[in-house]
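Structural overview
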Amino acid sequence: MRVVVIGAGKAGTEAAREASRAGAEVTLVDSLRGPLSDWQSWPDLIHDGFSAGRVPSPRSPAGVTCAFETRVTSLAGGAVTTVGGRKLVADSLVLATGSGFEGAYFEGRSKPGVTILDSPEKYSALGRDMASADAVVVSGEGGRGLQVAEKAAGRGRRVALFISSWQHAAPGPLASRVLFDAAEQRGVSVRAGRVSRALGAVKLEAVLAQGEVVPAGALAVAPRRTPRPVPGPAGVGKRGGVKVGLDLRTSTPGILAAGGCAELSEGSPSSASLEDEQEPSGRTAGANATGSKVAMPHARRVSCSVFGLVWTCVGTGIAAARAAGLEVDSVGERRDEVTSCALVYDRATGRVLGLEAVHEQRSCGVAIPGIAAPTTLRSLAYDGSLGSSDISMVSETARLGLQAWSRS
């Protein structure tokens, strides 16, 4: 069996490795010179730079033929055509082209002191720019913005973070309070909004954000990521990714997709990118490309580590559920300054749609349970605590099934 994987990031590398383990003849194709570095580790370069904290580059999987510096032009008839007319014949194709950055457009974006964080080199340059800055403004995507603000904080420096959007799912009210309180304790002021202009005669001196002029010696913009376009007939979802089912197959027979270019269109009230699940989605797509029948979990899982805390959302968060048009609410509690847990549920049926938890990064033995499809608030009151794993017994079993679903 011949499998071609397009894209040598985390998802593509895992897909190639899994297909090779199953005995397939695998070719891994990428337009770059080798496997991609993990973009999620780029914030570590802000102070370390490339001398001490170089982003690790994954090794090519064993037993896989690699065709690097090879650009794909089309997918048709079970073959991949590359620049120059070379054809790679395959029984199955796995699309793992990943995602790229949205453009960041505002007046003054080219001023010295403004950094658009769209490459590891930009993160390293930001560390140098901040060395002499007393005030730093971070703007853009929420999860990455928090991570950058954490690196910028300290040394008596003032940091203002303006969050304009969230890549996948915004934390609910309870989780947001815990995360933002932790940011405030580190000297980071968190606000909703975006930077509309960089101000200064020659170099950056301040920014205009939400009608307010904020002094800044450095501005870091963390743009959102969007799926890279892929050649071929596979359907495109609402978020721009390739639509896949839980088995990561597309609507075109023989073509699968994984990682940041894939958009799961079932198993959740709203379509979801697999950007945060690159490795498991790669393994699932690689296995199914060789004829296996493996499925991704119904409940999506998003996680972010920042300010010594871990925020995890399993299933659907309250903001995403409301954006999908559902009548939802949440029940939970904040146990202390660094721990909270909340369940999101359908107001009409009491069905549990998602779980959000925040806890300390160093705390041991705190596992976040999954969400079983038929779970309801009422059943929680009698069937245990969602598999339990503490965090106040999953907020005292969601307040005993919200008092046995309001005694219905």
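All of these numbers come straight from a predicted model, not from anything done at the bench. (Residues numbered from 1 in each chain as written. Predicted model: local features only at pLDDT ≥ 70, side-chain atom pairs only at ≥ 80, totals over all residues. Heavy atoms only, no water.)

1. Let's talk about the overall build of the protein chain
Counting its secondary structure elements, the protein chain contains nine helices and 26 strands. Burial statistics for the protein chain: of 408 residues in total, 54% are counted as buried. Across the protein chain, contacts joining residues at least 24 apart in sequence account for 60% of those joining residues at least 6 apart. Accessible surface computed for the protein chain: about 18100 Å², of which carbon and sulfur atoms make up 48%. (Helix = DSSP H or I, 4+ residues; strand = E, 2+ residues; numbered from the N terminus. Buried < 20%, exposed > 50% of the residue type's maximum accessible area, 1.4 Å probe, protein only. Contact = heavy atoms within 4.5 Å. Areas by Shrake-Rupley, 256 points an atom, 1.4 Å probe, with all protein chains shown as cover.)

2. Points about the sheet that holds strand β2 (residues 25-29)
Here five strands make up an open sheet; going across it, the order is β3-β2-β1-β7-β19 and the pairing parallel. Edge positions in the open sheet fall to β3 (65-67) and β19 (255-257), since each of these has one partner strand only. Between one strand and the next, the sheet's axes are offset by a mean angle of 20°, whatever the strand orientation. Here five bridges tie strand β1 (residues 2-6) to β2, and the two strands are oriented parallel to one another. (Pairing = 2+ DSSP bridges. Axes fitted to C-alpha atoms, helices over the stretch in contact; angles between N-to-C directions.)

3. A look at the sheet that holds strand β24 (residues 328-336)
As summarised here, the arrangement of the five strands in space is β22-β23-β26-β25-β24, forming an open sheet in which the pairing is antiparallel. The open sheet is flanked by β22 (301-306) and β24, the only strands paired with a single partner. Within this sheet the neighbouring strands show an average axis-to-axis angle of 10°, counted without direction.

4. What about the nonpolar core?
Counting residues in each nonpolar core, the largest one holds 40 residues, and the members touching the most others are Val3, Val4, Val5, Val26, Val80, Leu95 and Leu248. Formed by 37 residues, the second largest nonpolar core is a distinct cluster that contains Met130, Ile163, Ala182 and Ala220. (Core = buried A, V, L, I, M, F, W, Y, C linked by side-chain atoms within 4.5 Å.)

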